[in-house]
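Okay, here's what each chain looks like letter by letter:
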Amino acid sequence: MDYCEALETVLKSNVVWIEAQSCSGESVSILKSGCKSLEDIFFHSSPFKMFSIISGERSGQEYLREILQQQDFILVIEGALPKDEKLCHVGDMTCGELIRRLSQNAKAIIAVGSCAVNGGVIRELGYVGIKEYLGKQVYEVPGCPASDKMMVAAIYYAVTGSKS
Ligand code: SF4
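Here is what the cut-offs are and how they apply
Residues numbered from 1 in each chain as written. Predicted model: local features only at pLDDT ≥ 70, side-chain atom pairs only at ≥ 80, totals over all residues. Helix = DSSP H or I, 4+ residues; strand = E, 2+ residues; numbered from the N terminus. Buried ≥ 20, exposed ≤ 12 C-beta atoms within 10 Å, placed from the backbone. Contact = placed C-beta atoms within 7 Å. Pairing = 2+ DSSP bridges. Axes fitted to C-alpha atoms, helices over the stretch in contact; angles between N-to-C directions. Near = placed C-beta within 6 Å. Nonpolar A, V, L, I, M, F, W, Y, C, P; charged D, E, K, R; others polar. Parallel < 35°, antiparallel > 145°, perpendicular 65-115°, else oblique. Left-handed = near helix turned anticlockwise from the far one by under 90°. Core = buried A, V, L, I, M, F, W, Y, C linked by C-beta atoms within 7 Å.

Visitor: Would you mind going over the overall build of the chain in detail, with residue names and values included?
Guide: Regarding its fold elements, the chain presents 8 helices and 9 strands. When the backbone C-alpha atoms are referred to their principal axes, the chain occupies close to 40 × 30 × 25 Å. Classification of the 164 residues of the chain by burial places 40% in the buried group. Nonlocal contacts in the chain, meaning residues at least 24 apart in sequence, comprise 77% of its contacts between residues at least 6 apart.

So this is what it looks like as structure tokens:
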């Protein structure tokens, strides 16, 4: 299976992609791949849900409520979390609160990019990775930005249980 086919499978799956404190490097890596299926994120009713500063009009409170009602999904997190909760907000909750709530119903959690893995370039400023923050099992794809192919491979594996 080639990269675009794997991405298409991922986009047709119940995946929630949340951006915490990040520069959007991982989102951009995925979006610049040029695969045809990417327009699903923005223009069609794909089950794949991206909540990011670059997801435009699909970033409102209503969309956030929809995301919080998801069950049995793969949670993908881009960006670090601050130890000081008030430094990162999504809508009317902190990034940490949102990610804690989502992590309770997620089948698997994948941290993409070094910021999400260990705090990355902002660790010295008091930010930590998702595993450290949640204290539970998290699959990790390091890199700054993380490789689009490695991210899609990790999500594909979490969705299908297959590596090919
Ligand atoms: S790991 Fe690098 S590309 Fe990803 S959010 Fe952090 S600084 Fe940006």
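Visitor: Outline the sheet that holds strand β7 (residues 106-112), listing residues and values.
Guide: Strand order across the open sheet formed by 5 strands is β2-β1-β3-β7-β9, with parallel pairing between neighbours. The open sheet has two free edges, formed respectively by β2 (49-51) and β9 (139-141), since each of these has just one partner strand. Across this sheet, the average inter-strand angle for adjacent strands is 20°, counted without regard to direction.

Visitor: So, the site of the ligand: which residues are in play, and what are the values?
Guide: The local shell around the ligand consists of Ser22, Cys23, Gly25, Glu26, Gly79, Gly113, Ser114, Cys115, Gly120, Val121, Cys144 and Pro145. Every element with two or more residues in the shell around the ligand is listed here: α2 (25-31) and α6 (114-118). Here the residues of the shell around the ligand are counted per class, giving 5 nonpolar, 6 polar and 1 charged.

Visitor: Any chance you could break down the packing of helix α1 (residues 3-11) against helix α8 (residues 148-160) for me, citing the residues and the numbers?
Guide: Two elements in contact, α1 and α8, have axes separated by 9 Å at closest approach and are oriented at 50°. In terms of orientation, α1 lies oblique with respect to α8. As for the relative orientation of α1 and α8, their crossing is left-handed in sense. Residues Tyr3, Ala6, Leu7, Thr9 and Val10 of α1 form the contact with α8, whose participating residues are Lys149, Val152, Ala153, Ile155, Tyr156, Val159 and Thr160. Broken down by class, the residue content of the contact of α1 with α8 amounts to 9 nonpolar, 2 polar and 1 charged.

Visitor: Go over the environment of glycine 119, please, and point to the residues and values.
Guide: With respect to the secondary-structure elements, glycine 119 resides in the loop between α6 and β8 (127-128). Sequence separation between glycine 119 and alanine 154 is 35 residues; the distance between their C-alpha atoms is 20 Å.

Visitor: Please give an account of the nonpolar core that cites residues and values.
Guide: Counting residues in each nonpolar core, the largest one holds 47 residues, and the members touching the most others are Val76, Ile77, Leu81, Ile110 and Ile155. Element by element, the count of residues in this core is highest for α8, at 6 residues. If we skip the residues at most four places from it in the chain, isoleucine 110 touches Ile74, Val76, Tyr139, Val141, Ala154, Ile155 and Ala158.

Visitor: Could you give me a rundown of the pairing of strand β3 (residues 73-78), with the residues and numbers involved?
Guide: By the criterion of burial, β3 is predominantly enclosed, with 6 of the 6 residues buried. In this sheet, β3 lies alongside strand β1 (residues 15-19) in parallel orientation, the contact comprising 5 bridges. When the bridges of β3 are listed, tryptophan 17 appears paired with valine 76.

Visitor: If you had to explain the pairing of β7 to someone new, which residues and values would you point to?
Guide: Among the 7 residues in β7, 5 count as buried, and that is most of the element. Here 6 bridges tie β3 to β7, and the two strands are oriented parallel to one another. Considered in β7, the bridge of phenylalanine 73 is made with alanine 106. Where β7 and β9 come together, 3 bridges link them in parallel fashion. Counted as the bridge partner of alanine 111 is glutamate 140 from β9.

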